[in-house]
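Letter by letter, the chains look like this.
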Amino acid sequence: MRLLVSPSSIEEARSALAADIIDVKKPSEGSLGANFPWVIRAIKEMAEKPVSAAIGDFDYKPGGAALAAYGAACAGADYVKVGLMFDGKEKAYELSKAVVQAVKDEFPEKIVVIAAYSDYQRLGTISPFVAAEAAADAGADVAMIDTGKKDGKSTFAFMDADMLAAYTAQNRDLGVETALAGSLKFEDLTALKTIDPEIIGVRGMVCGGDRTDAIRPELVEKALAMLR
Ligand SMILES: O=C[C@H](O)COP(=O)(O)O
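Residues numbered from 1 in each chain as written. Predicted model: local features only at pLDDT ≥ 70, side-chain atom pairs only at ≥ 80, totals over all residues.

Comments concerning the nonpolar core
Step number 1: Counting residues in each nonpolar core, the largest one holds 82 residues, and the members touching the most others are Ala69, Val80, Val99, Val113 and Ile114.
Step number 2: The element contributing the most residues to this core is helix H4 (residues 89–104), with 8 residues.
Step number 3: Excluding anything up to four places from it in sequence, Val80 contacts Ala53, Ile55, Ala69, Ala72, Ala73, Val99, Val103, Lys110, Val112 and Val113. (Core = buried A, V, L, I, M, F, W, Y, C linked by C-beta atoms within 7 Å. Buried ≥ 20, exposed ≤ 12 C-beta atoms within 10 Å, placed from the backbone. Helix = DSSP H or I, 4+ residues; strand = E, 2+ residues; numbered from the N terminus. Contact = placed C-beta atoms within 7 Å.)

Brief notes about the sheet that holds strand E1 (residues 2–5)
Step number 1: With parallel pairing, the 8 strands of this closed barrel are ordered in space as E1-E2-E3-E4-E5-E6-E7-E8. Neighbour-to-neighbour, the strand axes of this sheet turn through a mean angle of 25°, independent of strand direction.
Step number 2: In the sheet, strand E3 (residues 51–58) pairs with strand E4 (residues 79–84) via 5 bridges, with the strands oriented parallel. Within E4, the residue paired with Ser52 across the bridge is Tyr79.
Step number 3: Seen against the sheet, helix H3 (residues 62–74) touches E3 and E4 and runs at an angle of roughly 165° to E3. (Pairing = 2+ DSSP bridges. Axes fitted to C-alpha atoms, helices over the stretch in contact; angles between N-to-C directions.)

Quick look at the site of the ligand
Step number 1: Within the structure, the ligand sits among 15 residues, and Ser6, Ala181, Gly201, Arg203 and Gly204 are positioned closest to it.
Step number 2: Classifying every residue of the shell around the ligand by side-chain character gives 5 nonpolar, 6 polar and 4 charged. (Near = placed C-beta within 6 Å. Nonpolar A, V, L, I, M, F, W, Y, C, P; charged D, E, K, R; others polar.)

Remarks on the UniProt feature "active site" (unreviewed entry) in the protein
Step number 1: Following the UniProt record, one finds the feature "active site" (unreviewed entry) at Lys25 and Lys81. Over a stretch of 57 residues, the named residues converge on one spot in the fold, their C-alpha atoms separated by at most 9.8 Å.
Step number 2: Tracing the chain through its elements places Lys81 in strand E4.
Step number 3: Lys81 has contacts with Leu32, Ser52, Ala53, Ala54, Ile55, Val113, Ala115 and Met144, leaving out every residue within four places of it along the chain. (UniProt positions renumbered as here; feature names shortened; annotations may be inferred.)

Written out as structure tokens, the structure is:
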């Protein structure tokens, strides 16, 4: 299982360098808020690790998402991650396909991550199960779950361990990897190891519980040790 940690700045990325994947985002612009291309580029130059970049919690705007995805890939992101902040499988497929084409036409080795939200019912957005099917059909590599609204409620508040295991199994059948995130806590790691997604994504956990605080390198090490 790879640990993805989400710093919000170049400075903070230094505290996350032990993680398996450094995920560049701008939490003040949303759950999957996009940071600036120069921040992605600087973190890519500093990290000897794969770098992921969130490009936003997108409404159904395939053109905007494709261009943002291309920008993130050009800035050096190895993983390009988009959130589907709308409902509808056909629309999810169209946007995912546009993002895949935007990234892979020029960078076939780069990884496209399509994220849906565990709290999709309160948001009125697409179910992660349906989004993963659309992502796989579109040629994406990873289907992800995160919380869309960052109010401290964890993904486990909306989807229990059995649902997350079913999601992971479904994705394996579809041929995409699974990434799970959303206010995960150290005490969730035992359950997550049983669920066995390929990636878990964290921020608040390694900030000491409050995602508006700074990432603490010793907590990144602690999470890695618990996952090994
Ligand atoms: O991609 C992962 C997210 O940044 C998770 O953030 P969080 O653990 O604070 O919900």
